[in-house]
Structure formats: structure tokens, C-alpha cells
Amino acid sequence: MAVINFDSQEFEGTYSYGGSDLGAVYTKKETTWKVWSPGALGIRLQLFTTGSDEEKGSRALGGYEMRPADKGVWQLTLKGDYAGVYYVYRIRHVDGVQETPDVYSKAVGVDGQRSMVVDLRSTDPEGWDSDCRVYCESATKAIVWETHIKDFSSSEESGMINKGKYLAFTEENTHLKDSTVISTGIAHIKEMGFTHVQLMPVYDYATVIEAKPNKEQYNWGYDPMHYNVPEGSYSTDPWHGEVRIREMKQMIQSLHKNGIGVIMDVVYNHTYESKDSWFHKTVPHYYHRLNQDGRFSNGSGCGNEIASERSMCRKYILDSVRYWAEEYHIDGFRFDLMGVLDVTTMNQIRAMLDSLPNGKQILMYGEPWAASGVVLRPGEQPADKRYVRRLDPRIGIFNDDTRDCIKGSVFRREDTGFINGNKTMDWKLKNSMMGWCGPQRTVRVPTQTVTYCSAHDNSTLWDKLTNTVDESLRDYDYPHPERLAANKMAAAIVMTSQGIPFLQSGEEFARTKYGDANSYRSDIQVNKLDWKRLRVFNDLTRYYQGLIKIRKHFSPFQDATEKSAQNMYFSYTKEQVVAYTLAGNPEDEWKMVAVIANAGRKPYEVELETWSYIEMPETWYVMANGEQAGLVPLKEIKDSKIEVPARSVMILAAPKA
Ligand code: CA
């Protein structure tokens, strides 16, 4: 076929459609379908009673020619109530006919093969009108807990009934099997003080066959199929398009009711299929970047990359994010491989979200890297680490420098960081604690840095520690004292550092995948949250809980600006010891806080110091040591010389006089 220059000003000028009505727009009286496909020779809308031919009562309801309208849009209006009717487009291109569901689908049938017209209001659970996003003044006030719908509830001991489903998040007051005191599920999240749950992909993805719910299947879901539709396998009925929508809303409503925000993991960087993707079938070659040789470029490492810089692709991403924020009341977005997307698109998403009611509170952050080289149009910048300063200050990046400095590189199993014996990490750790916006400033403000040391990718923190601390004893279930000490140090560092604290679910009870460092399609037995570890690792869990209380109690820890980072005063210490003091704000109960991390094998005495214009406190309360953490002082010290035991973090607070 003739190659169209999609990047020419002529094309952009002629075919950039600005309407917000692409897809099937439903009312009880009529439905209007609009599809953007410049270059198509004709489009036929085909209607069906079901989402697949295999279902009972399946039959075709006829086809209708659409007519060309403005800017490459094709449209058709049918009178009558079409809710629950399934459809595909048959698009005639110069080189043949392609059949495809709607890229703007809001609902689909089983396995996403046909779109469905949906009456969205009929999918609202009771009380949805009054549901709203949680209050979050700035991203640095959040504490994000990342989980996967199936991991969350699937364990036999989870105490939840709706295993592997959205609805498990509607189960309150669940307990570990055979326990009346150990909370699981959302009760656990609340008890711990996590503010936001980040859900690994919940939009419709390809690799789990929804039509076979009884087959053992597992995938993380980074294989997007329909960006604006919930994944069907997490619903109780993937055959009826409205069910997954309602159940996902019920999940969100329940989390909101319990004061927990919902962050969606969005994977706009690629499509699971390339030439068979709905995008390619609808407008060949438009939505993906191509190499010089005309083949799909592969910045995502998954076979293709999205051309986010093209106007209608950018619009698609903006429309999609907006739809989730408005229709599903989503509290934040985590952009997978954000380095594949471009800076302008990301900043436009931020501006679009900011324009929504309370939209400034919606979190935005992403992975500031791609899997390999991206092929951006000249003049555009990728939203990766190099260009973070061009991103809006309220778009964060996962800070791999912080992550690797704490526990060692994710790419080398034996590599260590500050907590597991690396003696060269002190300088990096100081910068990590300052959220990389102290004197060494790689980001502008702490809202631009996600401070973390575990996520779904790579080894769990506990597995990393098992592989690097007393590594000859490779027992992932054993509560090894030295590993626990290192784990507590990691947690204390994250919770007392500037930035947006983030952790993989279960890090707080020594989550293990038994050494599996890439479990994206491993068995659920490897991936599930093993809630019974709450028993064995109770002490570690309580430690995290105490740290979260401390973080929330002291406003400079949660500073959205660079002020606190620059107010930190680091004492002179030997290697493997880092110590800082940080003065409180007028509203804080504590005049000053001191954090001392000693990763060495011996106790060490630190002389705490502060800026010359600030008075040093005479009395310190120990709020956390290597054993415990919380808001109850463990000890009082009337000295600025503090001895910190080996392999521990001490957090001290000076009361106001
Ligand atoms: Ca699916």
C-alpha cells in the first residue's frame, strides 16, 4: 500500500480529530459509533448477540455500512437500545479487509474478541455516585503498596472467599485461616497504614484465556489488549461485558471506603500483538513506531512500541487515562516503561488530570526507562531518566539508584548494597535519603522520585537478602536474624527518605518467590501472597507498621519540596554509617529527628550535629532501633553522642521543649 507520512504536518493538520466521542456512544434511544480510520475505503459495523460464537444464543444481528465524516472519522447511528449488543468493525483497506473490535471499547466479550455497547450507568454499584478518590495532598504523603489481583487473595490461608477476583477487595475484616487476630486483605493494608494500593495491570490483557476459568493460568498482565476495559479473568463472569466493569468498580469503592487510594499500572508503551493488534488493523502502521526498514521498532522489548508523539495516538492515551480517572475514580497512574513514551505526552496527561475536579491529587509516576532504543520522531524527547527535569514536577520516576544503593543491583544476583555489606554506598545512600534533590540534584523535587527497594520485577527483597547474606544457607522460609536485620534497615531507610515510598506487597512479611526473579508467568503458588508468613515474620511486619507511623508523624519526611532534603545535616562518620538530623516544622510535635544507619559489623558512636543556626536538642527519644519502631519512645538519651548497634537503623526524635 502507499506509504502515508503520518508525521507530516499535512497529515496531522488534515486528520487530527478532537472529539471526545470515539467508540460507541450509548443512550437508551440510540447508539452512535465513531471510528477514526483515515485511508480506509469503507467500514462495516457487524453486530452480534454474544461476545463469541461458542456461547449459547449466539447469532449475528446484521451489518451496517458506516459513512465517512470529518478528519478520517467514520460514523453510524442506530435508533434503539443497543446495550449488551456485541460488535466488530470490518475495515476495507487498500490491501484487504481487516476485522477488529473497537480500539475505544469500553466493554468487551470473553477474551476481548468483540466489543460491547454498554450502558455505563447500569454498571455502577449502589452508592457509586458518592464514591470519590481519597484525599492526597501530595504524592510524598502516600505510601504505595503494589499488588496483583490474583496474588492478593489466592493463598489457601488468605481468609478471603473471592480468590483471584476483584471482589476479594470488597471483603473486610478477613483473617488468616485459623486465626482471629491476624488480619489479611484490606484489613491488613489498613492496619499497616499504607495509603494507596497499586494494582498490576487490571485493563484487559491477552495471555490468560478467560474462556477457560478452570485452567491453571497466571500472568502479570503486561500484554495489553483493550486499554479501556477491565481484565475479564478477575471477574466472576467474563462473558457478559458489564460484569467485570461493575466488579472493578465495587473493588475501588470498597478500597475508597476504607481510605485506600487505587493506582493503576498502565502499559501504553506497546501492544501485545503487532500487526494483529486492533490498532494496526484499524489504521495500519499509525500507532506504532517503525524502523527505517519499515519493521516495528522494539523499544519496549515486547515486539513493538507505541508512537505516543503522533497526535491521535497521544490523544488515545490522554482519552484513556481520563476515562479511568473519571469513570472509575482512579487515584493514580503508574506508567510502565515510561521511557518509551514522550515528554510532551506525559506533561499533557498531567495537565489533563490537573484540570479534573481534585485532579491535582491524582498521582503520576513511571519507569524512566525503555527496554531498548526507542525511535522517536526528531525533536521529541523520551520520558526517561535523562529528561526527568523536563517532566512536570508532579510526575515521578522509579529511582533505580536508590533501589540499587540500598540492596544491590537487580541484574546481578550477588551484588550488594548498603544494607547487605557494600562499603561504597554511603555517598549514594545520602543522596537517596535526600530523594536526589540535595546538593546532588538529579530530580527537581521529591515528588519526582519513587523511593523503593522492591517491586514486582526482579527478586523480592527477602530473596535478594537470602542470596547475599549468609548465602550458603539458602532457606527462604527461615527467619534468618541477619537477613531480618538487613530487611529492617531497608525499611527504615525507605521510610525516612525523601520521595514517594513504595513497596512490593508482602515485603513487610518477607515475601519470597523462592528465588524466582522473573515470575511473570510462573505458577500462582510462586506468586501468591503467602499470608501465613504474617505469623512467622510478625516482628518484621510490626516494625514496618511502626516505621509508617513515624513517617506520618513528621512532616519533613513527606515534604513535596526540596526544602527538607536541603535541610538534612549529615554527620561525619566512618564507612557503612550514615547519620543525619532534620529539624521539624512548626506543626510537628518533634523539634528534630535524627536517623542513623549503621550497616557495619560493629556498634558505632555517632556525634549528631546540625546547622550552626539551629540549636541542638538536649534530649532525644529513641523511636526506632534495630528491634522495634513506633510512636512510643523506647529510651531517652541526654547526649548528642549516640551509639548505634551493628546492622541497625536508629530513629531519634527530640521533643519540643
Ligand atoms: Ca483478557
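Use the structure listed above.
These notes cover the structure that comes with them. Throughout, a residue's number is its position along its own chain's written sequence, starting from 1. Per-residue local features of the predicted model are confined to residues with pLDDT of at least 70, and side-chain atom pairs are confined, for both listing and counting, to 80 or more; whole-chain, interface and lining totals are unaffected and use all residues. Side-chain metrics in this entry use all non-hydrogen atoms of the structure; hydrogen atoms and water are not considered.

For this document, the term salt bridge refers to a Lys or Arg side-chain nitrogen within 4 Å of an Asp or Glu carboxyl oxygen. Counting across every chain of the model gives 45 salt bridges. R350 is the partner of D354 in a salt bridge, and the nearest nitrogen-oxygen pair spans 3.0 Å. Taken together, the residues span about one helical turn, with D354 and R350 both in helix α7 (residues 343-354) at a distance of four residues. Among the ionic contacts, a cluster of salt bridges with common partners joins D7, E12, R310, R314, D342, R377 and E380. Each helix is a run of DSSP H or I of at least 4 residues and each strand a run of E of at least 2, with the numbering of both proceeding from the N terminus.

To obtain an axis, a line is fitted to C-alpha atoms, over the contacting stretch when the element is a helix, and the angle between two such axes runs from 0 to 180 degrees between their N-to-C directions. Where helix α11 (residues 481-495) contacts helix α14 (residues 538-553), the axes come no closer than 10 Å and their chain directions differ by 15°. Taken together, α11 and α14 sit at an angle that is classed as roughly parallel. The interaxial crossing formed by α11 with α14 has right-handed handedness. Facing L484, N487, K488, A491, A492, V494 and M495 of α11, the residues of α14 in contact are D539, L540, Y543, Y544, L547, I548 and R551. Here the angle decides the label: under 35 degrees means roughly parallel, over 145 means roughly antiparallel, 65 to 115 means roughly perpendicular, and every other value means oblique. For any helix crossing, the convention is left-handed if the near helix is rotated counterclockwise from the far helix by under a right angle, and right-handed if that rotation is clockwise. The contact criterion used is simple: two residues touch if any of their non-hydrogen atoms lie within 4.5 Å.

Moving on to the layout of surface pockets. In this model, the largest pocket occupies a volume close to 830 Å³. Here a cavity means grid points, on a 1 Å grid over the protein atoms only, where a 1.4 Å probe fits yet cannot get out; a pocket means an open set of points with protein on both sides within 12 Å along at least five of seven lines; lining residues are those with an atom within 4 Å of a point. As for the largest pocket, its lining consists of 37 residues, and the residues nearest its centre are W220, E367, H456, D457 and N518. Polar here means any residue other than Ala, Val, Leu, Ile, Met, Phe, Trp, Tyr, Cys and Pro, which are nonpolar, and Asp, Glu, Lys and Arg, which are charged; Gly is therefore polar. Its residues assigned to classes, the lining of the largest pocket comprises 16 nonpolar, eleven polar and ten charged. Grid points are joined across faces, edges and corners, and a volume is the space filled by probe spheres set on the points.

Right, let's get into the side chain of S409. With respect to the helices, strands and loops of the structure, S409 is situated in the loop between α8 (400-407) and α9 (426-433). Relative accessible area decides the class of each residue, using a 1.4 Å probe on protein chains only: under 20% of the type maximum gives buried, over 50% gives exposed, and in between gives partly exposed. You can call S409 buried: its relative accessible area is 8%. Sequence-distant contacts of S409, that is, excluding residues within four places in its chain, are made with D404, D415 and K464.

What follows covers a positive patch on the surface. Here the term patch refers to residues with relative accessible area over 30% and no salt bridge, with like charges joined within 9 Å and nonpolar side chains (Val, Leu, Ile, Met, Phe, Trp, Tyr) within 5 Å. Per-residue and other accessible areas follow the Shrake-Rupley method at a 1.4 Å probe size, with only the shown protein chains counted as cover for residues. This count recognises Lys and Arg as positive and Asp and Glu as negative, with His and chain-terminal groups excluded. The atoms used to mark charge sites are NZ of Lys, CZ of Arg, CG of Asp and CD of Glu. Among the surface-exposed residues, K423, K574, R601 and K602 lie close enough to one another that they form a single positively charged patch. Inspection of the secondary structure assignment puts K602 in the loop between β22 (590-598) and β23 (604-607). For K602, a relative accessible area of 59% corresponds to the exposed category.

Right, let's get into the sheet that holds strand β1 (residues 23-26). Two strands are said to pair when DSSP picks up at least two bridges between them. Read across the open sheet, the four strands follow the order β1-β2-β6-β5; overall the sheet is antiparallel. With partners counted over all chains shown, the strands left at the sheet margins are β1 and β5 (67-68), one partner each.

Turning to the packing of α8 against α9, a few remarks are in order. At a closest axis distance of 9 Å, the pairing of α8 and α9 adopts a crossing angle of 130°. The angle between α8 and α9 falls in the class oblique. The chirality of how α8 crosses α9 is left-handed. Side by side, α8 and α9 meet where D401, T402, C405 and I406 of the first sit next to K428, L429 and S432 of the second. By residue class, the composition of the contact of α8 with α9 is three nonpolar, two polar and two charged.

An order of β10-β11-β14-β15-β16-β17-β18-β19 is seen for the eight strands of this closed barrel, with the pairing classed as parallel. Adjacent strand axes in the sheet meet at a mean angle of 30°, parallel and antiparallel pairs treated alike. The pairing of strand β15 (residues 332-335) with strand β16 (residues 363-366) spans four bridges and is classified as parallel. Paired with G332 across the strands is L363, a residue of β16.

Let's shift gears to the nonpolar core. In this text, buried Ala, Val, Leu, Ile, Met, Phe, Trp, Tyr and Cys residues form a nonpolar core when linked through side-chain atoms within 4.5 Å. Among the nonpolar cores identified, the biggest contains 147 residues, and F333 and F335 are the most heavily contacted of them. The next biggest cluster of nonpolar side chains, apart from the first, holds 18 residues, and it includes A24, M66, L78 and V85.

Now for unusual backbone geometry. Backbone geometry at D111 places phi at a positive 60°, although glycine is not the residue there. If you trace the backbone, D111 turns up in the loop between β8 (96-100) and β9 (115-116).

Looking now at the packing of aromatic side chains. Two aromatic rings from Phe, Tyr or Trp, using only the six-membered ring of Trp, form a pair when their centres are within 6.5 Å; if the ring planes differ by under 30 degrees the pair is stacked, by over 60 it is edge-to-face, and anything between is tilted. The final tally for this structure, using the stated rule, is 43 aromatic pairs. Any Lys NZ or Arg CZ that is within 6 Å of a ring centre and within 35 degrees of that ring's normal is treated as a charge sitting over the ring. Against the face of Y328 rests K249, its NZ or CZ located 5.6 Å from the ring centre. The lysine or arginine in question, K488, covers the ring of Y543, its NZ or CZ lying 5.0 Å from the ring centre.

Another aspect to go through is empty space enclosed by the protein. Under the criterion given, the structure shown has four cavities of 30 Å³ or more. Of the voids in this model, the largest cavity is the one considered here, and its volume is about 70 Å³. Lining the largest cavity are F509, R511, T512, Y514, Q525, V526, K528, D530 and R533. For the lining of the largest cavity, the residue count by class is three nonpolar, two polar and four charged. The computed volume of the second largest cavity comes to approximately 50 Å³. Surrounding the second largest cavity, L22, K34, V35, W36, D102, V103, Y104, T282 and Y287 form its lining. Top contributing element to the lining of the second largest cavity by residue count: strand β2 (residues 30-36), with three residues.

This part takes up the pairing of strand β21 (residues 577-583). Counting buried residues in β21 gives six out of seven residues, a clear majority hidden from the surface. Across two bridges, strand β20 (residues 569-570) lies against β21 in antiparallel orientation. Bridge pairing in β21 links Y569 to T581. Pairing of β21 with β22 involves seven bridges; the strand directions are antiparallel. Note that in β22 the partner of A583 across the bridge is M592. Linking β21 back to β22 in an antiparallel pair, the connection comprises six residues.

Okay, the environment of K28 next. Residue placement: K28 occurs in the loop between β1 and β2. By relative accessible area, K28 is classed as exposed at 57%. Sequence separation between K28 and Y82 is 54 residues, and the spatial gap between their C-alpha atoms is 7.5 Å. Aside from chain neighbours lying at most four places away, what touches K28 is G80, D81 and D119.

With that settled, consider the state of the cysteines. Note on disulfides: each one is a pair of cysteine sulfur atoms within 2.5 Å. Taken as a whole and judged by the stated rule, the model has zero disulfides. No disulfide involves C313; its sulfur sits 16 Å from that of C302, the nearest cysteine. You can call C313 buried: its relative accessible area is 1%.

Mapped onto the elements of the fold, N162 is located in the loop between α2 (149-153) and α3 (185-192). Counting along the chain gives 259 residues from N162 to G421, while the straight-line C-alpha distance between them is 43 Å. With residues near it in sequence (within four places) discarded, N162 still touches S153, L167, A168 and E171.

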